[in-house]
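Residues per chain are reported as follows:
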Amino acid sequence: MTTQVSKAATVPGPTGHPLLGMLPALRDDLLGSILNGFHEHGDVVAYHVGLPRGPRAVSADVVNVHHPDGIHQVLTTPQVFSRRASAYEILREFIGEGLLTSEGDRWLRQRRTLQPLFTPHRVGRYVELMADEAARVVDDMALTTGSVVDLYQLTQRYAMRVVGRALFGDDIDDVVPRLQELMPILGDLALARALQVVKLPLSWPTPRSRRIAGVRATQYEIVDRIIAERQSRTGGDEHEDMLGRLFAARDPETGQALSVADIRDQVLVFLLAGHETTSAGLAFTMHLLGRHPEVQERVAAESGTGNSELVRAAVMEGMRLYPPVYSMERMSESDITISGYRIPANTKVIVAPWVTHRHPQFWPDPERFDPGRFLGRQERPRYAYFPFGGGPRSCIGEHFALLEMTVLLSALLARYRIDTRTERLAVVPRVTLRPAGEVRATLTVR
Ligand code: HEM
């Protein structure tokens, strides 16, 4: 895996536009460009963006690593591959320093304190709440055969209610529309800020800084109100919901509790990270099942016997083809070699489930939707599949998300047949991978 830097080769890659490099191609079709790059250049590909030569602000290489061995190296050696100058720094300006965006000792303390709340055993206690909410969204539809629905709207409503009830022990239906309105604004502002070559401090009163400050203030106002209501209802820390557990949580090494500001930032992270990804992943999976009626019937039949193994496999296969977190970004802190190629210090390094989940060496006939890939013994390397990342910064909500997704899919399939054969699924790679609009399906009552 790692060889001596001096003997390593230069990373190959496409050249692109003479002045702008690969910037236009990546901007116009990011997912298609990185998949082409992999097919043409292999497991490690460099994309030059900006002028052929010049200071970092106008000329840089971004290296994509696609082989599981290389991904292992990138995700599990944070001292070499840090999150400096990544999208997380921008996200931090928007949602504060919760677990997703914090760094160093602060992150370590938060992770140690929160980890016990997310073990498979603890998460399993939410299954009833999830089943309740799944029944509620499926019942609410009260559809007649042949109705056309937007699956994405359905999954968003479900995911927001589940995370709301898991966090606060109550539904937060009144704030759901407000938070949903903020989501795209936040995404657009974050993207605009990410593409700024010179990032002015947010304290400068530019129109964009003022909009960002406005969005932050609205978010905090919503979260503070929910926390205050929750505390006035029960006194705060005795309950089984996540907020109660956040108040009660102690760092296992120091015994320290989380500060109120920390709790507020965690709540915001869980509301955002916990709903966007799950709802998109579910909508993608439902769309795929709707295109493959024979697979869907098998999944529904097995789920009907109370066995959720195939439902879970369908969700995993859905996230193989449409990983909600389609790429992750790191920065090399020193010169390093990956798969025989030299990567200089200060290079942006990307690992992309979108590409590796289609690596033909590990996924024969990669575009075929086949949940069977996730049944029984699986002989593939750990990082051939990594929708939840890996290493120390892997997703803390993995078990929660998988359970939540399996529960809704089972409930929907028990009642309806999904048909998407005449629909096209268009996706947009923003902070996460999202449907470009409605995910339409015709549902028929079973
Ligand atoms: C299908 C659903 C989900 C997917 C695909 C997903 C994916 C990911 C990935 C890939 C990362 C790591 C990013 C990186 O290394 O740069 C991550 C981190 C994280 N996720 Fe998730 N996630 C999902 C659901 C959830 C849920 C339900 C929650 C909370 C209830 C959650 C909370 C978090 C947090 C807090 C982190 C940061 C962890 C840390 O840095 O220590 N996620 N997620």
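All values reported here derive from a predicted model rather than from experimental measurement. Chains are numbered independently. Their residues run from 1 in the order of the written sequence. Only residues with pLDDT of at least 70 get local features here, since the model is predicted, and only at 80 or more are side-chain atom pairs given and counted; chain-wide, interface and lining totals rely on the full set of residues. As a rule here, side-chain values come from all non-hydrogen atoms in the structure, and water together with hydrogens is ignored.

## Thoughts on the pattern of salt bridges
Phase 1: A pair is scored as a salt bridge if a Lys or Arg side-chain nitrogen falls within 4 Å of a carboxyl oxygen belonging to Asp or Glu. Per the stated rule, a full pass over the model turns up 27 salt bridges.
Phase 2: The salt bridge involving Glu 103 is made with Arg 393; its shortest N-O contact spans 3.6 Å. Residue Glu 103 is located in the loop between α4 (87-95) and α5 (104-114), and its partner Arg 393 is located in the loop between α15 (353-356) and α16 (398-415); the two are separated by 290 residues in the primary sequence.
Phase 3: In this structure Glu 103 comes out as partly exposed when scored by relative accessible area, which is 31%.
Phase 4: For every residue, the accessible area (1.4 Å probe, protein chains only) is compared with the maximum for its type, and the residue is labelled buried under 20%, exposed over 50%, or partly exposed between those bounds. Arg 393 sits in the buried class, given a relative accessible area of 19%.
Phase 5: Arg 434 is the salt-bridge partner of Glu 276, the closest N and O atoms lying 3.3 Å from each other. One end of the pair, Glu 276, is in helix α12 (residues 260-291); the other, Arg 434, is in strand β12 (residues 433-435), and 158 residues separate them in sequence. Helix numbers and strand numbers start at the N terminus; a helix is a DSSP run of H or I with at least 4 residues, a strand a run of E with at least 2.

## Here we look at the side chain of Thr 347
Phase 1: Tracing the backbone shows Thr 347 in the loop between β8 (341-343) and β9 (348-351).
Phase 2: The exposure class of Thr 347 is buried, given its relative accessible area of 7%.
Phase 3: The contact definition used throughout considers only heavy atoms, calling two residues in contact when any of these lie within 4.5 Å. Apart from the residues lying within four places of it in its own chain, the contact partners of Thr 347 are Asp 61, Val 63, Arg 330, Met 331 and Ser 332.

## A closer look at helix α8 (residues 151-168)
Phase 1: In this scheme, a helix's expected span is set at 1.5 Å multiplied by one less than its residue total. The end-to-end C-alpha distance of α8, which contains 18 residues, comes to 25 Å, matching closely the 26 Å that a straight helix rising 1.5 Å per residue would cover.
Phase 2: Of all 18 residues that make up α8, 15 are buried, and the element is covered over most of its length.
Phase 3: One side-chain oxygen at the N-terminal end of α8 lies 3.0 Å from the backbone nitrogen of Tyr 152; it belongs to Asp 150.
Phase 4: At the C-terminal side of α8, Gly 169 shows a positive phi close to 75 degrees. In protein, a polar contact means a hydrogen-donor-capable atom and an acceptor-capable atom, both N or O and within 3.5 Å, with residues adjacent in sequence counting only if both atoms are side-chain atoms; elsewhere, any N or O pair within 3.5 Å suffices.

## What to know about the confidence of the model for the protein chain
Phase 1: On average, residues of the protein chain score 87 in pLDDT, and 88% of them reach the 70 mark or higher.
Phase 2: Of the regions scoring below 50 in pLDDT, residues 1-5 engages in 14 contacts with residues more than four places distant in sequence or in other chains. For every residue, the pLDDT score states the predictor's confidence, bounded by 0 at the bottom and 100 at the top.

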